[in-house]
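Residue-level structural notes
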Amino acid sequence: MENQTLQYPETKNFIAGKFVPQTNRTLNVVTPLSGGVLSKVTLSDAAELDRAVQAAKAAFPSWSATPIKERVQVFYRYKTLLEKHVKELAQLVHEENGKTIEEATAEVEKSIELTEFACSLPQLISGELLEVSKGVECRVEHKPLGVVASIAPFNFPNMVPHWTIPNAIALGNCMILKPSEQVPISAIRISELLKEAGLPDGVFNVVNGDREIVEAICDHPDIEAVSFVGSTKVAKIVYRRSTSNLKRCVALGGAKNHLIVLPDAHLEMTASNITASMSGCAGQRCMAASAMVAVGPLDAIISKICDEARKIIPGKNLGSVISKEAKERIERYIAEAEKAGAKILVDGRNCVVAGKENGFYVGPTVIDYVTPDMAIAKEEVFGPVLAIIRAKDIDEALAIENSSNYGNAASVFTQSGGMAKKVMEGASAGMIGVNVGVPVPREPFSFGGWNESKFGVNDITGKSSIEFWTKLKKTTVKWNPESKTNWMS
Ligand code: NAD
């Protein structure tokens, strides 16, 4: 396909404040809404990454020496630009990712909230100072690391990059972003708007690519820290490889979130929260409801969930999944569960949207009598599918939740404070919801799971990310010889 026929120009790298032409391999960027080609993306090599790292390295002395109160002024302006361009940015997310315009708008609004948090960093990182002995002071400051990298997945082309960009850069680092090659277009506008907000050239760079560039990031000697968001399989690779190269790394992986529902749960609220959680963003959220653990008789709630699910119309209030392969994978999980004896209550397979016959749609699917040994109960499906597992009591429900390799989120639906507390304390997950289907901690609280949903010490956002993106400088000062003290006195 020639460039003129592409809906968006070829997606180039952004290095030292400019979009740079490449001669590398390219890949078609396909919109999952219709299966059509939107753009082409450059698949860079290690030499191209090195150019970006050198640009970031050159920008670091001046950017890191700029006082943080000045650095955040860029993000005040950038936040205003994001607000001005919400519609356009949401349209891009809709087209490249396939989620609905409403979901894409909510995504960009979350990016604005993340940027707003970065503007508060001067208030949060003011250092510590203490007279530790007569005339002797110790002070502690947060210092930036240098050149850092952020590797992103396909499911939030705008928001996930904002988990890292504003905080890492406001704290004085220079960044290389590697977007998902499936959704690289949003990063173009992010680059342009950061430049328009006054970010100096080289502080933020984008290098597009696939596995080759991720490996090059893990290996590059001048990259100090790597943040990764994606599947657990790749999170493990990135965590192992970058830490073996002595870098800091936080790597967020996949999820299998359990929603435990007790017989006293509020009927309407529970059904609507669970349906929205499993179907929102077509189930392609690491915080999505994937398994509902039904404790005791819950026929009314399950029947209400099915009613709600049947009201969801693919192509209207349900977006597409990312690719043909994703659609096939999700449908395979449903078929295997059916074959293993589960009961399909609402079936979203073979979904075709009129006028978008080549798009990749899966309708909302509810499956009852899933048993914990089935693949659909254990593995990440990443589609609009709810697997209902029956449990006799809360202890059995918690045992099912605890047996998962993942640990991103878990929720409980009940009107009993005591039962809620049991799940809050007993669930093996980093983010817990009580009567909340998608328990994403909003700023200033940090985001990050447990177990195989996250590798590394810190969370990726909020206050926890300050520790990840900075190192502490401890200085001990004595000015007055007449005090006749040494540090011990
Ligand atoms: P993915 O792991 O396939 O890709 C993520 C990134 O890794 C991409 O930039 C990709 O280019 C790169 N990559 C892919 N294969 C690689 C390999 N073999 N070696 C090195 N790099 C490689 O993930 P995805 O399909 O883009 O995103 C969906 C996954 O992300 C789901 O598992 C979802 O749960 C997870 N996710 C997790 C969170 C979280 O907060 N825990 C948030 C969003 C998405």
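Predicted, not measured: the structure shown is a model, and the values here were computed from it.

**Digging into the overall build of the protein**
A count of helices and strands for the protein gives 16 helices and 20 strands. For 489 residues, the compact-globule estimate of 2.2 N^0.38 gives 23 Å, and the protein sits close to it at 24 Å. For the protein, the spread of C-alpha atoms along the principal axes amounts to about 80 × 65 × 40 Å. In the protein, which comprises 489 residues, the share counted as buried stands at 58%. In the protein, the proportion of contacts linking residues at least 24 apart, taken out of those at least 6 apart, comes to 74%. Averaging the positions of the 54 positive and the 56 negative side-chain charges in the protein gives two centres separated by 3 Å.

**Concerning the layout of surface pockets**
Volume-wise, the second largest pocket comes out at about 290 Å³. Contributing to the lining of the second largest pocket are 17 residues, with Ile 68, Ile 125, Glu 141, His 142 and Lys 143 lying nearest its centre. Sorting the residues of the lining of the second largest pocket by element identifies α1 (46-65), α2 (68-84), β5 (128-133) and β6 (136-144) as the ones contributing at least two each. The element best represented in the lining of the second largest pocket is β6, accounting for 6 residues.

**Some words on the pattern of salt bridges**
In total, this model carries 33 salt bridges according to the counting rule given. Between Arg 241 and Asp 219 there is a salt bridge, with the nearest N and O atoms lying 2.6 Å from each other. Of this pair, Arg 241 sits in helix α9 (residues 232-244) while Asp 219 sits in helix α8 (residues 211-219), placing them 22 residues apart in sequence. What makes Arg 241 partly exposed here is its relative accessible area of 29%. For Asp 219, a relative accessible area of 34% corresponds to the partly exposed category. A single network of salt bridges, built from pairs that share partners, joins Lys 110, Glu 113, Arg 442 and Glu 443.

**Re the packing of α2 against helix α7 (residues 186-196)**
Running from N to C, α2 and α7 cross one another at 130°; their axes reach a closest spacing of 8 Å. Relative to α7, the element α2 is oriented oblique. Crossing of α2 over α7 shows right-handed handedness. Seen from α2, the contacting residues are Phe 75, Tyr 78, Leu 81 and Leu 82; seen from α7, they are Ile 190, Leu 193, Leu 194 and Glu 196. A per-class count over the contact of α2 with α7 returns 7 nonpolar, no polar and 1 charged.

**Comments concerning the UniProt feature "domain: Aldehyde dehydrogenase" (unreviewed entry) in the protein**
As annotated in UniProt, the feature "domain: Aldehyde dehydrogenase" (unreviewed entry) corresponds to residues 20-474 in the numbering used here. Note that residues 20-474 is 42% helix and 22% strand, and that its end C-alpha atoms are spaced 41 Å apart.

**What about the site of the ligand?**
Around the ligand lies a shell of 27 residues, among which Lys 178, Glu 181, Ser 231, Gly 253 and Glu 380 are the nearest. In the model, an oxygen atom of the ligand is placed 3.1 Å from a nitrogen or oxygen of the Phe 154 main chain. When isolated, the ligand has an accessible area of 840 Å², and the protein chains bury 89% of it. When contributions to the shell around the ligand are tallied by element, the ones reaching two or more residues are α8 and β10 (223-229).

Cut-offs applied
Residues numbered from 1 in each chain as written. Predicted model: local features only at pLDDT ≥ 70, side-chain atom pairs only at ≥ 80, totals over all residues. Heavy atoms only, no water. Helix = DSSP H or I, 4+ residues; strand = E, 2+ residues; numbered from the N terminus. Rg over C-alpha atoms; globule rule 2.2 N^0.38 Å. Buried < 20%, exposed > 50% of the residue type's maximum accessible area, 1.4 Å probe, protein only. Contact = heavy atoms within 4.5 Å. Lys, Arg positive; Asp, Glu negative; His and termini not counted. Charge placed at Lys NZ, Arg CZ, Asp CG, Glu CD. 1 Å grid on protein atoms, 1.4 Å probe; cavity = no way out; pocket = protein on both sides within 12 Å on 5 of 7 lines; lining within 4 Å. Points joined across faces, edges and corners; volume = space filled by probe spheres on them. Salt bridge = Lys/Arg side-chain N within 4 Å of Asp/Glu carboxyl O. Axes fitted to C-alpha atoms, helices over the stretch in contact; angles between N-to-C directions. Parallel < 35°, antiparallel > 145°, perpendicular 65-115°, else oblique. Left-handed = near helix turned anticlockwise from the far one by under 90°. Nonpolar A, V, L, I, M, F, W, Y, C, P; charged D, E, K, R; others polar. UniProt positions renumbered as here; feature names shortened; annotations may be inferred. Near = heavy atom within 4 Å. Polar contact = N/O pair within 3.5 Å; in protein donor to acceptor, adjacent residues only side chain to side chain. Areas by Shrake-Rupley, 256 points an atom, 1.4 Å probe, with all protein chains shown as cover.

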